[in-house]
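Listed below are the residues making up each chain.
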Amino acid sequence: MVKICCIGAGYVGGPTMAVIALKCPDIEVAVVDISVGRINAWNSDQLPIYEPGLDEVVKQCRGKNLFFSTDVEKHVSEADIVFVSVNTPTKTQGLGAGKAADLTYWESAARMIADVSKSDKIVVEKSTVPVKTAEAIEKILTHNSKGINFQILSNPEFLAEGTAIQDLFNPDRVLIGGRETPEGQKAIKALRDVYAHWVPVERIICTNLWSAELSKLAANAFLAQRISSVNAMSALCEATGADVTEVSHAVGKDTRIGPKFLNASVGFGGSCFQKDILNLVYICECNGLPEVANYWKQVIKVNDYQKTRFVNRVVSSMFNTVSGKKIAILGFAFKKDTGDTRETPAIDVCKGLLGDKAHLSIYDPQVSGEQIQRDLAMKKFDWDHPIHLQPLSPTSVKQVSVVWDAYTATKDAHGICILTEWDEFKSLDYKKIYDNMQKPAFVFDGRNVVDAEKLREIGFIVYSIGKPLDAWLKDMPAVA
Ligand code: UDX
Ligand code: ADP
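Residues numbered from 1 in each chain as written. Chains lettered and ligands numbered in written order. Predicted model: local features only at pLDDT ≥ 70, side-chain atom pairs only at ≥ 80, totals over all residues. Heavy atoms only, no water.

A. Local environment of the overall build of the protein chain. Helix and strand counts for the protein chain stand at 18 helices and 14 strands. Against the compact-globule benchmark of 23 Å for 480 residues, the protein chain has a radius of gyration of 24 Å, which places it among compact chains. By principal-axis analysis of the C-alpha atoms, the protein chain measures approximately 75 × 45 × 45 Å. Here the protein chain, with 480 residues, has 55% of them falling under the buried criterion. For the protein chain, the proportion of contacts with a sequence separation of at least 24, taken over those separated by at least 6, is 77%. Carbon and sulfur atoms make up 54% of the accessible area of the protein chain, which amounts to about 20,800 Å² in all. (Helix = DSSP H or I, 4+ residues; strand = E, 2+ residues; numbered from the N terminus. Rg over C-alpha atoms; globule rule 2.2 N^0.38 Å. Buried < 20%, exposed > 50% of the residue type's maximum accessible area, 1.4 Å probe, protein only. Contact = heavy atoms within 4.5 Å. Areas by Shrake-Rupley, 256 points an atom, 1.4 Å probe, with all protein chains shown as cover.)

As structure tokens, then:
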């Protein structure tokens, strides 16, 4: 029986391995992690991540051919294929600070693999890493190999959170990069055979190592670039009276462009986009390509601009001050159908409003108060370390309360900011909400989820990203 071990039981490792176990009953899959809390949660009824469909998949395989364990060394030593899916934070100090990936966790995983291995292994990069990481890992493994043969493959994951299980069941493509040697090709085939249990072979793309590593960064950069493009347009729409939804629809009808990923928003978030682009920028700079680096940097700059623009709009509309005012924040996760808050635009928006002394009442259906307090107190980039190693802030942010429903959050509030597109925000009783708010009552829709006309009929002053402005908002222009 083929044995797979995955180091790192996070958003990528957990769901991916659960699906491999489900689709390959003849393979034994162990997911290991240094975080005891995380592994305990994977072994409980309350999984550590919220992902539609994940519970069912885990329930079907756990204890049969899917195991979650903290015994990292045992499972690594027994495995034929070792996936590595550990954290790759952005460096906060030293060379490349603020851009380059910190490969500390990767390096320690590689050294541990070399230490405990007694048989040949295929080592697969699953988490996104900078181009040429495979080469570094290969060096660590071969210099410590005691004669064992290691083959490195790059097999980047393209799943998106919220649709992870669907994406894994039915991927657009699976990408496997490896060495162009006979041993490298044999390793590629072994991994291709795993995916071929359920993925049509024509969707399994095999390339060299560097192409696979770069393709992942490139795909995320292209996706993020689309959002920054439409968000840049949203600012122009507001200035000119055009409607960004109409513009996106018209643009997306061109089959060369396509309709997906053209929703204007308060900004993109998530663990990948910013980190991967910063990585790309750093790699370009290191390779003497400053023009290319600057091109990609703009994608992040526009994203930051969009978040600042949103905060400025809120403050300027409310008589240029939110000091002491209660603002309800609906949605904190970086997108709907996930409890993940990594790099969520809500963090910057909330920090911006807190900087203007607002009082925030935050509601998200999947994010705990503890997580929100942690996010608002944490320094940039600190989030991307294993949970038990994250620096904890001693104090919680005082002007923030976290509540468990939208009606409590909005009671007596002056304004509402919608920051995540949860479906339930479309069908709230906005008349009831309006009646319980201070007047004038404002809604700032950072995701274009509410029916602005209906809300205006109720009496709200409404701001929707990239849509023609209310007379009120035109009279209170936001100055960046
Ligand atoms: C992304 C990539 O899609 C995935 O392929 C990769 O493996 C990991 O990074 P993820 O971060 O889970 O996945 O979510 P995604 O759906 O890409 O959304 C990222 C951010 O962009 C979210 O904050 C989302 O709200 C925002 N977004 C997305 C928009 O603002 N507008 C859109 O049209 C689409
Ligand atoms: P991703 O979104 O890429 O899956 P996560 O942060 O959710 O990232 O998961 C990475 C996981 O890797 C964390 O649970 C962390 O505890 C684990 N991890 C980091 N370093 C090691 C290591 N050396 N051995 C085992 N697990 C590790």
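Moving on from the model shown.
B. Up close: the site of ligand 2. Around ligand 2 sit 16 residues in total, of which Y11, V12, D33, R38 and R342 are the nearest. The contact in question runs from an oxygen atom of ligand 2 to an N or O atom on the side chain of D33, over 2.6 Å. Within the contact set of ligand 2, a nitrogen atom lies 3.3 Å away from a backbone nitrogen or oxygen of I34. Isolated, ligand 2 exposes 580 Å² of accessible area, and the fraction of that covered by the protein chains is 92%. (Near = heavy atom within 4 Å. Polar contact = N/O pair within 3.5 Å; in protein donor to acceptor, adjacent residues only side chain to side chain.)

C. Spatial organisation of the site of ligand 1. Surrounding ligand 1, one finds 20 residues, the nearest of these being F158, E161, S265, K335 and R447. Here an oxygen atom of ligand 1 sits 3.2 Å away from a polar atom, N or O, in the side chain of K216. R447 is positioned such that a nitrogen or oxygen atom in its side chain is 2.7 Å from an oxygen atom of ligand 1. Burial of ligand 1 by the protein amounts to 91% of the accessible area it has alone, namely 660 Å². Counting residues per element, the shell around ligand 1 draws most heavily on helix α9 (residues 209-240), which supplies 4 residues. Residue classes in the shell around ligand 1 are distributed as 11 nonpolar, 4 polar and 5 charged. Two domains each donate at least three residues to the shell around ligand 1, and these are domain 1 (3-199) and domain 2 (242-464). (Nonpolar A, V, L, I, M, F, W, Y, C, P; charged D, E, K, R; others polar. Domains from an automatic or database assignment.)

D. Region of the structure containing the pattern of salt bridges. Scanning the model with the defined rule gives 25 salt bridges in all. Put simply, K307 and D348 hold a salt bridge, and the shortest N to O gap is 2.8 Å. Linking K307 in helix α12 (residues 290-317) with D348 in helix α13 (residues 345-355), this pair joins segments that are 41 residues apart in sequence. A relative accessible area of 5% places K307 in the buried class. For D348, a relative accessible area of 36% puts it in the partly exposed group. Here the salt bridges do not stand alone but share partners, grouping K3, K74 and E78 into one network. (Salt bridge = Lys/Arg side-chain N within 4 Å of Asp/Glu carboxyl O.)

E. Representation of the state of the cysteines. Taken as a whole, this structure holds 0 disulfides when the rule is applied. Considering cysteine sulfurs only, C5 is the nearest to C6, which forms no disulfide, with 7.0 Å between them. (Disulfide = S-S within 2.5 Å.)

F. Quick peek at the domain arrangement of the protein chain. As assigned here, the protein chain comprises domain 1 (3-199) and domain 2 (242-464). In this structure, domain 1 and domain 2 have C-alpha centres spaced 31 Å apart. Contact with domain 1, which involves 25 residues of that partner, is made by 25 residues of domain 2. In terms of surface lost to domain 2, no three residues of domain 1 exceed Y50, K99 and E161, which account for 29% of the buried area on that side. Salt-bridge contacts for R342 lead to E161; the nearest nitrogen and oxygen are separated by 3.2 Å. Counting across the domain 1 and domain 2 interface gives 6 residue pairs in polar contact (both at pLDDT 80 or more). Each residue belonging to the side of domain 1 that touches domain 2 can be placed in one class, and the counts come to 12 nonpolar, 9 polar and 4 charged. (Buried area = accessible area lost by both parts, 1.4 Å probe.)

G. Expanded view of the pairing of strand β13 (residues 442-445). Across the two faces of β13 the burial is the same, with F442 and F444 and V443 and D445 all buried. Summarising the sheet, strand β12 (residues 415-418) and β13 pair through 4 bridges and their orientation is parallel. Counted as the bridge partner of I418 is D445 from β13. The pairing of β13 with strand β14 (residues 461-464) spans 4 bridges and is classified as parallel. Bridge pairing in β14 links V443 to V462. A crossover links β13 with its parallel partner β14, the connecting element being helix α17 (residues 452-458), and its sense is right-handed. (Pairing = 2+ DSSP bridges. Right-handed = clockwise from strand over helix to strand, strands pointing away.)

H. Broad picture of unusual backbone geometry. In this model, K439 is joined to P440 through a cis peptide bond whose omega is -10°. Tracing the backbone shows P440 in the loop between α16 (430-435) and β13. Phi at E343 is positive, roughly 55°, even though this residue is not glycine. Within the secondary structure layout, E343 lies in the loop between β9 (326-330) and α13. Taking relative accessible area as the criterion, E343 reaches 16% and is therefore assigned buried. At D412, a residue that is not glycine, the phi angle is positive and equals roughly 65°. Tracing the backbone through its elements, the reader meets D412 in the loop between α15 (406-410) and β12.

I. Expanded view of the environment of N144. Take N144: it is sitting in the loop between α6 (133-143) and β6 (150-154). Here N144 falls in the partly exposed class, since its relative accessible area comes to 32%. Sequence separation of N144 and S271 is 127 residues, and the distance between their C-alpha atoms is 32 Å. Excluding anything up to four places from it in sequence, N144 contacts R111 and A114. At 2.6 Å, the side chain of N144 and the backbone oxygen of I140 are in polar contact.

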